[in-house]
Amino acid sequence: MLQGRYSENRVATLLILIIFFCIILSLAAYILFGHNIIRAMYDGKSSGFLNSIVEKPIRHPVEYYIEKGDELFAVYIIPLVISSVFFVFFRLFLRLNLPDLLIALPITMFSSASIIYRTLLSPAFMWNSRRLAWVFSIAYGYKLYYGPHSGPVLPTIYGPMAALVYLPATLVNNPVYAVILGSCISACFYFIPMFWLHARNNLSDPKRSLFALLAFACFCLSTFNSKTLSYSAFAIHADAPALGLCAAACAILYFRKQRENITPLFLSAIFSVLTVFTKQIFAPILLALPFYVLLADGYRCSKRYLLCISLSLFFISIPFLIFLNAKDMIFNMFINPIHHPWRFPDKTYALCAASKLLIDRSILLIAVLIFYYFFRSLSVSGATDKKKLWLGSSPWVMLAIVGFFMIPTSLLGRVKVGSGVNTLSPAVYFLSGAVTLVFIEFLSDLSSCHSRLTQMVTKTVLIAFIMLKLFSKAYFYPISDTLDKIELAKERLKLEYGFAKKHPGEVYFPDDPLVHLLIEGKLYHNVYDVWERQLAGFKISREHFRAHIPRDCRWIAFCRYKGQKISYTIGYLPEFSKSVEIEELSNYSVYERK
């Protein structure tokens with residue numbers, strides 16, 4: 001049936017491929033020739049039409065037009081991708097009847113619009129540009145990891161994949177649009193694998209297609225309503241790539257046609273290992289998926305899968321350890337994070353506080369899963385083969401197992417100083433996905449066994465749940481307010497980038513090394529990570545600190561830092577104890593060299 005469905009949509013598939021090919025082609029063309037074409041337009045050496053684009057008489061240097069070209073390219077490539085996604089959705093749900101289509105399309109459009117809106121707000125979050133500096137440093141020839149007594153100090157306490165997956169963002173040489181592109185990469189990792197798990201087996205049946213879409217909409221709205229999940233979905237961080245790779249490993253394992261075929265087992269194992277090399281607290285995935293295979297397919301298949309994981313771990317670890325300097329990588333990924341102090345001196349209290357927060361975020365999800373598990377167990381009681389068949393045919397079981405396995409490391413991540421609510425996302429993400437997959441299974445079974453009235457009631461209940469999620473927060477703003485929020489989100493980075501460009505090498509923004517890297521080509525310390533490393537017991541020397549700040553610095557400008565962080569930085573640089581006012585940096589605490 002699926003094959004027939006795909007045959008009917010081959011024209012649509014061809015158009016989708018053409019659109020993505022055009023996007024990739026335009027990306028490659030701009031990277032290779034874009035700046036040269038802009039320079040030719042600036043000098044009047046291009047075609048007549050292109051030359052006329054540059055305003056005459058010329059009022060700005062060529063760098064201004066190159067920067068505007070980068071901005072336009074970053075702004076327009078995202079709508080192209082989103083348009084392609086809308087087209088895919090339209091084709092997927094075209095066979096729905098008219099009432100269902102009228103339900104599906106607005107919800108799809110709202111979820112997509114909300115995702116776009118959140119990514120456009122990403123420059124407002126200071127940590128995004130700080131983390132992106134680590135990614136850009138690779139493109140500028142810096143090492144991925146440095147030891148405790150060398151190199152600039154950045155947020156490098158995660159696996160190498162946490163930086164490598166964001167390398168496409170380095171194609172944009174403007175901090176604002178690089179951050180937006182990085183946030184889009186996060187959103188793709190976060191949402192696409194979960195959509196795959198929801199839609200893959202439900203496309204052939206219009207009813208199940210609608211339930212899959214509505215359930216995925218519930219997952220999206222749960223993300224928007226949760227600080228834990230929204231942080232992970234849109235921030236430039238190790239979370240989204242790790243969640244996406246982990247969900248992809250689950251999807252590959254679940255959708256394999258021949259249960260003991262070694263190829264999908266090996267592919268799933270590779271994604272599982274890459275997950276751990278993205279963020280270390282996802283290590284339980286290496287036990288959770290073999291445990292699921294043991295329940296669903298038996299000991300023999302589980303043993304084969306464990307062998308695939310072992311081989312993948314070996315063959316992926318060796319290149320990383322050789323090419324990235326094993327000693328420095330181990331220090332950043334394990335030694336430094338392990339030595340971070342706990343949030344509270346009383347470790348029992350810290351663990352209880354973290355547990356309470358996790359319970360608040362997930363108690364309803366866990367209750368739904370436990371209730372439905374026992375409800376379904378009654379219908380498959382008896383033969384072990386029946387239970388295995390049920391476990392193997394229910395993707396929510398796999399996600400629930402992964403979510404429960406992630407609880408211990410999520411709690412251990414939360415108890416450390418500097419951790420945010422996003423540390424709970426490994427557990428909450430998979431538990432949320434499991435619940436929305438339960439919706440699909442339950443509603444599909446209910447609609448197939450009962451009257452049309454019952455089907456209408458189930459749809460109404462699910463739509464009411466979505467509307468409840470929708471109105472539980474103020475999502476609707478006037479368009480002017482929305483545009484103002486987006487512009488306000490860009491303001492800090494634009495200000496720092498503009499000021500640093502006017503005064504290269506003379507100003508130091510201790511909490512934003514990205515602007516310096518893009519303008520001067522030099523990587524400086526992020527002072528928060530210097531402070532955090534000291535908490536772990538690895539204080540850097542004054543010589544080490546001074547080696548990675550602007551040599552001819554006149555000002556140090558702190559944004560939103562107060563008290564302790566300022567005094568900590570000035571402790572390394574006592575000659576900058578004179579506070580001054582600079583009109584362009586009116587919202588900053590600025591200190592000038594005496």
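Reading guide: rules and limits
- Residues numbered from 1 in each chain as written.
- Predicted model: local features only at pLDDT ≥ 70, side-chain atom pairs only at ≥ 80, totals over all residues.
- Heavy atoms only, no water.
- Pairing = 2+ DSSP bridges.
- Helix = DSSP H or I, 4+ residues; strand = E, 2+ residues; numbered from the N terminus.
- Contact = heavy atoms within 4.5 Å.
- Expected span 1.5 Å × (residues − 1).
- Buried < 20%, exposed > 50% of the residue type's maximum accessible area, 1.4 Å probe, protein only.
- Phe/Tyr/Trp six-rings, centres within 6.5 Å; stacked < 30°, edge-to-face > 60°.
- Lys NZ or Arg CZ within 6 Å of the ring centre and 35° of its normal.
- Core = buried A, V, L, I, M, F, W, Y, C linked by side-chain atoms within 4.5 Å.
- Axes fitted to C-alpha atoms, helices over the stretch in contact; angles between N-to-C directions.
- Parallel < 35°, antiparallel > 145°, perpendicular 65-115°, else oblique.
- Left-handed = near helix turned anticlockwise from the far one by under 90°.
- Nonpolar A, V, L, I, M, F, W, Y, C, P; charged D, E, K, R; others polar.
- Polar contact = N/O pair within 3.5 Å; in protein donor to acceptor, adjacent residues only side chain to side chain.
- Salt bridge = Lys/Arg side-chain N within 4 Å of Asp/Glu carboxyl O.

Caption draft 1: Summary view of the sheet that holds strand β1 (residues 507-508). Taken in spatial order, the 4 strands make up an open sheet running β1-β2-β4-β3, and their pairing is mixed. Edge positions in the sheet fall to β1 and β3 (578-580), since each of these pairs with one other strand and no more. As paired elements, β3 and strand β4 (residues 588-592) share 3 bridges and run antiparallel to each other. Each bridged residue has a counterpart across the sheet, and for Val 580 the counterpart in β4 is Val 590.

Caption draft 2: How the structure looks around the environment of Leu 399. Relative to the elements of secondary structure, Leu 399 occurs in helix α18 (residues 395-414). Sequence-wise, Leu 399 and Val 435 are 36 residues apart; in three dimensions their C-alpha atoms are separated by 9.0 Å. Each residue touching Leu 399, except ones within four places of it in the same chain, is listed here: Met 194, Leu 197, Cys 250, Phe 430, Gly 433, Ala 434 and Leu 437.

Caption draft 3: Focus on helix α13 (residues 285-297). Relative to the 18 Å expected for 13 residues at 1.5 Å per residue, α13 spans 17 Å between its end C-alpha atoms, a close match to the ideal helical length. For α13, the set of buried residues is Ile 285, Leu 286, Ala 288, Leu 289, Pro 290, Tyr 292, Val 293, Ala 296 and Asp 297. With its phi angle positive at about 100°, Gly 298 sits one or two positions after the end of α13.

Caption draft 4: Representation of the packing of aromatic side chains in the model. This model, assessed by the stated rule, comprises 28 aromatic pairs. Summarising the aromatic geometry, the rings of Phe 558 and Tyr 591 are spaced 5.9 Å apart at their centres and angled 85° between planes, so their arrangement reads as edge-to-face. Linking Phe 558 in strand β2 (residues 555-559) with Tyr 591 in strand β4, this pair joins segments that are 33 residues apart in sequence. Three or more aromatic residues joined by ring pairs make a cluster, and in this case those are Tyr 190, Phe 191, Phe 195, Phe 216, Phe 219, Phe 224, Phe 234, Tyr 429 and Phe 430. Its guanidinium or amino end placed over the ring of Trp 127, Arg 130 lies 4.5 Å from that ring's centre, counting from NZ or CZ.

Caption draft 5: View of helix α14 (residues 299-323). Here α14 contains 25 residues, and its C-alpha end-to-end distance of 37 Å stays within 8% of the 36 Å for a straight helix at 1.5 Å per residue. When we look at burial in α14, the residues that qualify are Cys 301, Ser 302, Tyr 305, Cys 308, Ile 309, Ser 312, Ile 316, Ser 317 and Phe 320. Buried-residue contacts for α14 involve α7 (161-164), α11 (239-254), α12 (262-276), α13 and α15 (326-338). Where α14 terminates, the next one or two residues include Asn 325, which has phi positive at roughly 65°.

Caption draft 6: Representation of the nonpolar core in the model. Residues Leu 132, Phe 191 and Phe 430 are the most contacted members of the largest nonpolar core, which totals 130 residues. Considering each element in turn, this core owes the most residues, 14 residues, to helix α8 (residues 175-199). With near-sequence residues (within four places) excluded, Phe 430 lies in contact with Leu 243, Cys 246, Ala 247, Cys 250, Phe 282, Leu 399, Val 402 and Gly 403. In this structure, Trp 127, Val 527, Val 530 and Leu 573 belong to the second largest nonpolar core, which totals 21 residues.

Caption draft 7: Quick peek at the packing of α11 against α12. It is the contact of α11 with α12, at a shortest axis distance of 8 Å, that shows an interaxial angle of 165°. Relative to α12, α11 is oriented roughly antiparallel. In this structure, α11 meets α12 at a crossing whose hand is left-handed. Together, Ala 242, Leu 245, Cys 246, Ala 248, Ala 249, Ile 252 and Leu 253 of α11 and Pro 264, Leu 265, Leu 267, Ser 268, Phe 271, Ser 272, Leu 274 and Thr 275 of α12 make up the contact between the two elements. The residue inventory of the contact of α11 with α12, partitioned by class, reads 12 nonpolar, 3 polar and no charged.

Caption draft 8: Geometry of the environment of Trp 555. Within the fold, Trp 555 resides in strand β2. For Trp 555, a relative accessible area of 8% puts it in the buried group. Each C-alpha atom of the pair Trp 555 and Val 590 lies 6.5 Å from the other, and the pair is 35 residues apart in sequence. What Trp 555 contacts, discounting residues up to four positions off in sequence, is Phe 499, His 503, Glu 506, Val 507, Tyr 508, Phe 576, Val 580, Ile 582, Val 590, Tyr 591 and Glu 592. A polar atom in the side chain of Trp 555 sits 3.4 Å from the side chain of Glu 592.

Caption draft 9: Representation of the pattern of salt bridges. Counted under the stated rule, the structure contains 11 salt bridges. The partner of Lys 578 in a salt bridge is Glu 592, and the shortest N-O contact between them spans 3.8 Å. Remark: Glu 592 occurs in strand β4 and Lys 578 occurs in strand β3; sequence separation between them is 14 residues. Note on Lys 578: relative accessible area 44%, which makes it partly exposed.

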